[in-house]
Amino acid sequence: MLPFRTRGYNGYGVQYSPYFDNKLAVATAANYGLVGNGRLFILNIEPNGTIVEQTSWETQDGLFDLAWSEVHENQVTAASGDGSIKLFDLTVGQFPVMNWKEHTREVFSVNWNLVDKTNFISASWDGSMKVWSPQRPDSLLTLSHAQDFTTKSSPVESTARPPLSHQQQHQQSQHVNTANCIYNATFSPHSPSTVVSVNGSSHVQIWDIRAPRPLQIDYVAHGGLEALSCDWNKYKPTIIASAGTDKSVRIWDLRMITKIDQPHAHAPMPAYHIRGPTPLNELLGHQFAVRKVQWSPHDGQELISTSYDMSVRVWRDESNERARFLNMKNGGCKGVMGQHKEFVIGCDYSLWGEPGWVASTGWDEMVYVWDSKRLQ
Amino acid sequence: MDASSCGPSSALANLSKHTQRDNTLQNEYAAKNAQLRTGPAGFRQNGNAVDARLNAEFHNFQGNGLGAEFPAFAGTPSFQQQAQHLNQQQFQPNNAGWVQDFSGLSISNQPQQVGHPQSDWHQQFLQQQQHHHQQQQFEQQNIQQGQQFAPNYASSAFSMNMRTNLSTPLYAQQQVQTGASLTEHQEIHKMEQEKQLFDSHFDQLEKELNQQSQEKPEVEVQVDKVENEQFAETARQIENSLRQFDTADAATKAKIENSDFLKLMSSISNKQVVLDGDKLVDSTGQDIRENVNEPLQQISRPDYHDPIHDIPVPQEARPEQINKLPDPLSHMQDGSLGDVYDALSAAKVVSGGQVKTGDWVDEDDEWLDMTTPSISRPKKASIMADHWQEVYDDYRNDDDFH
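Numbers given for residues are sequential positions, taken from 1 along each chain in its written order. As they are written, the chains are lettered A onward and the ligands numbered 1 onward, keeping that order. Only residues with pLDDT of 70 or above have their local features reported here, since the model is predicted, and side-chain atom pairs are shown and tallied only from 80 upward, although totals for entire chains, interfaces and linings are computed over all residues. In computing side-chain values, all of the structure's heavy atoms are included and hydrogens and water are not.

K.L.:
Please set out the UniProt feature "repeat: WD" (unreviewed entry) in chain A residue by residue, giving values where relevant.
P.N.:
UniProt positions are given in the numbering used here, feature names are shortened, and annotations may be inferred rather than shown by experiment. When the UniProt feature table is mapped to this numbering, "repeat: WD" (unreviewed entry) covers residues 100-142, 240-255 and 283-325 of chain A. A helix here means a DSSP run of H or I that spans at least four residues, while a strand means a run of E at least two residues long, and both kinds are numbered starting from the N terminus. Within residues 240-255 of chain A, the helical portion is 0% and the strand portion 69%, while the C-alpha atoms at the span's ends are 11 Å from each other.

Written out as structure tokens, the structure is:
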């Protein structure tokens with residue numbers, strides 16, 4: 001297990017470079033991301049097993065996520081709390097080479113298109129997702145959805161009330177509504193135009209960015225509680241995993257999500273839909289909300305998840321999307337990594353070398369690189 | 001701002017350029033167009049311009065009101081116009097009777113005569129119309145004289161056409177004229193009122209802005225207070241929800257108890273740590289990040305001027321293979337010689353400025369340089385003895401040597 005301390009900055013996201021087997025980027029924010037600035041670290045894993053900082057950039061606001069460019073080995077995008085997205089170049093010190101500012105609230109996730117490779121998507125708390133090209137100063141496309149007032153995290157009586165005042169200080173006293181926040185948006189590794197996103201009103205949404213009405217599938221995935229993360233299975237194009245504040249990781253087969261109940265843009269989800277469709281598999285074990293879930297790039301049945309219970313768990317999903325009755329019942333949690341002393345926020349599988357190497361980061365200002373196969 | 005400078009040097013100058021432009025021609029044109037729309041083209045240009053008396057009359061008329069005047073004159077209908085028409089029609093005995101009949105029957109002609117028979121401008125207008133009419137009728141007479149044997153019905157038909165053509169516009173035009181003067185007059189009033197309204201609004205706004213700027217610090221303090229209150233409340237909720245969590249897992253429990261984040265949350269809920277701008281400060285006003293166990297000041301920031309790619313040293317290099325001499329090109333960054341193609345500039349870059357052009361290129365033709373007096377030009381120090389230098393120079397400069 002290789003440690004690195006991002007001193008003074010609490011980790012939010014980590015990703016392996018798609019070009020170098022020993023390079024990591026870590027997005028961090030001071031004061032746990034509550035207030036203050038952020039810092040993007042580029043780390044090198046040395047042959048002697050130490051992790052050293054190659055370079056880093058300080059930003060005005062906390063950084064919540066990052067994505068390496070798939071077309072340029074020296075470029076990284078970072079999502080900032082002030083609503084901006086910044087593109088950094090490893091050979092350019094101190095300042096970002098691009099800065100996009102269109103989102104009105106915190107940008108919580110950025111994800112590079114793995115198939116097209118020329119664009120990336122950002123998801124923000126302002127309820128919209130935007131597709132960007134690194135060459136262009138403006139976004140290419142904006143995706144947003146109608147708010148669902150029927151879920152537990154955004155019940156009608158608290159969210160659908162008309163605003164009582166236009167004065168700022170009175171607005172602030174109202175309950176903070178996270179139902180519209182999009183926490184994560186990820187391009188499919190199988191299609192250049194398919195995106196999965198999760199939001200604060202428990203919905204998992206599948207988008208086709210070519211379609212005139214891009215929302216393709218929309219369902220409640222975590223029983224009305226906030227859904228925080230989602231990822232595509234790298235081997236099975238219709239399988240996704242989602243995680244949320246109901247402490248569970250759920251595996252879904254998109255072919256089994258009925259489109260009949262898909263609501264109109266103007267009509268809320270029918271009441272019976274609070275329960276939502278049935279997942280292919282459910283992985284239980286985390287004691288607090290699950291913050292991030294990611295499928296292994298080497299194994300279609302393995303995934304890791306980070307959680308507010310300060311642990312990272314490695315899971316084996318034995319469900320068979322072709323024949324559910326053939327489930328082996330021997331899947332589940334394969335290991336717990338408990339080295340982190342605070343909430344674990346970000347994680348990433350290494351694409352390189354021996355399969356199973358993982359990097360994780362969290363609010364204890366630590367980045368750990370470890371082997372998911374060698375957990376007790 | 002002088003008019004000769006063509007480019008606007010400031011926004012104000014640009015504005016004044018616009019405002020000072022001579023627009024009289026456009027205005028005239030626009031005014032003429034407006035007039036054309038409201039009445040016959042020649043009405044005002046014939047010298048019958050709206051004068052003070054006319055305005056007074058109009059005011060009087062307006063003040064009394066049409067409704068008030070109407071009953072007074074309703075009983076005494078004026079046949080002025082009809083009489084005039086009769087006079088005119090006497091030149092045309094053939095169809096005069098018919099026209100009289102027609103005028104008498106004409107519904108559209110009546111109200112205008114009843115409405116304002118006294119008004120001077122109305123008569124002026126009528127006179128003009130009549131003048132116009134007479135001209136046309138004179139022409140018609142000529143035609144009739146020319147066509148003595150023309151059948152009666154033809155001329156009567158012609159005349160009928162004239163009358164029908166004129167009767168309707170006469171009324172309509174007058175109405176339009178009245179309406180136009182009404183709006184014209186009202187517009188002036190309206191503009192004045194609007195101006196007053198604007199002025200009062202601006203005054204009010206200015207007052208409000210002044211008040212706001214005076215009150216602002218107070219409001220900000222209040223907002224800060226509210227924010228900190230909410231922040232503490234949220235922190236309390238987070239702390240409670242995590243501390244109340246009962247887990248059988250001893251490790252997780254210990255972690256929760258030792259969590260720095262939860263300690264921060266509890267000190268925020270106790271107001272020991274508060275929000276101050278984009279910082280979290282403790283009770284002494286110090287940024288909490290300054291007293292973490294390892295102060296931030298000790299973090300060594302990488303020197304961005306250092307080359308990012310270290311020179312790779314082979315891992316299994318034997319001691320005798322390691323080059324002990326310093327790399328003479330260590331200060332060169334990768335790729336920094338990319339645009340250097342000739343040996344001289346390469347030497348200049350590599351030597352770090354020690355190699356100069358003069359060392360490589362003979363500066364024999366410096367006598368061509370007339371900018372400095374040749375005496376003051378420093379003599380280049382020669383590395384050879386004087387006589388050898390002379391021999392060398394002779395050899396270099398001797399064009400006959402072959």
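Picking up after the structure, the text goes on.
K.L.:
Provide a residue-level description of the sheet that holds strand β28 (residues 366-371) of chain A, including the pertinent values.
P.N.:
The strands making up a sheet associate through hydrogen bonds between their backbones, and the pairing can be parallel or antiparallel. All names here are of chain A. One bridge is not enough; two strands pair if DSSP finds at least two bridges between them. Taken in spatial order, the four strands make up an open sheet running β1-β28-β27-β26, and their pairing is antiparallel. Of all strands in the sheet, those bounded by a partner on one side alone are β1 (2-5) and β26 (344-349). Taking each pair of neighbouring strands and ignoring which way they run, the sheet shows an average axis angle of 15°. Bridge count between β26 and strand β27 (residues 357-362): five bridges; the pairing is antiparallel. Paired with G346 across the bridge in β27 is T361. The axes used here are C-alpha line fits, helices contributing only the stretch in contact, and every angle between their N-to-C directions lies in the interval 0 to 180 degrees.

K.L.:
Hey, could you go over the nonpolar core for me, with residue numbers and the actual values?
P.N.:
Of all hydrophobic cores here, the largest spans 29 residues; its most connected members are F343 and W363 of chain A together with F261, L264, I268 and L280 of chain B. Contributions of two or more residues to this core are made by α10 (152-243) and α12 (260-269) of chain B. If near-sequence neighbours (up to four positions away) are discounted, F343 of chain A is found in contact with S307, Y308, M310, G362 and W363 of chain A together with L242 and F261 of chain B. Definition used in this section: a nonpolar core is a set of buried Ala, Val, Leu, Ile, Met, Phe, Trp, Tyr and Cys residues joined via side-chain atoms within 4.5 Å. The cut-offs for exposure are 20% and 50% of the maximum accessible area for each residue type, with area from a 1.4 Å probe on protein chains only; residues under the lower value are buried, those over the upper are exposed, and the others partly exposed. One finds Y16, L43, V367 and V369 of chain A within the second-largest nonpolar core, a separate group that totals 15 residues. Between two residues, a contact is recorded if the distance between any of their heavy atoms is within 4.5 Å.

K.L.:
Kindly report on the side chain of D309 of chain A, identifying the contributing residues and their values.
P.N.:
Mapped onto the fold, D309 of chain A is located in the loop between β23 (302-307) and β24 (312-316). N or O atoms closer than or at 3.5 Å make up a polar contact, with two conditions inside protein: a donor-capable atom paired with an acceptor-capable one, and, for residues adjacent in sequence, both atoms drawn from side chains. A polar contact is formed between the side chain of D309 of chain A and the side chain of H286 of chain A, at a distance of 3.2 Å.

K.L.:
Give me the lowdown on the sheet that holds strand β11 (residues 120-124) of chain A, citing residues and values where you can.
P.N.:
Residues and elements named next belong to chain A. Spatial ordering of the open sheet is given by β10-β11-β12-β13, a layout of four strands whose pairing is antiparallel. Whereas interior strands pair on both sides, the edge strands pair on one side only; in this sheet they are β10 (107-112) and β13 (141-144). Taking the axes of each pair of neighbouring strands and ignoring which way they run, one obtains an average angle of 20° across the sheet. Where β11 and strand β12 (residues 128-132) come together, four bridges link them in antiparallel fashion. Looking at the pairing, A123 lines up with M129 of β12.

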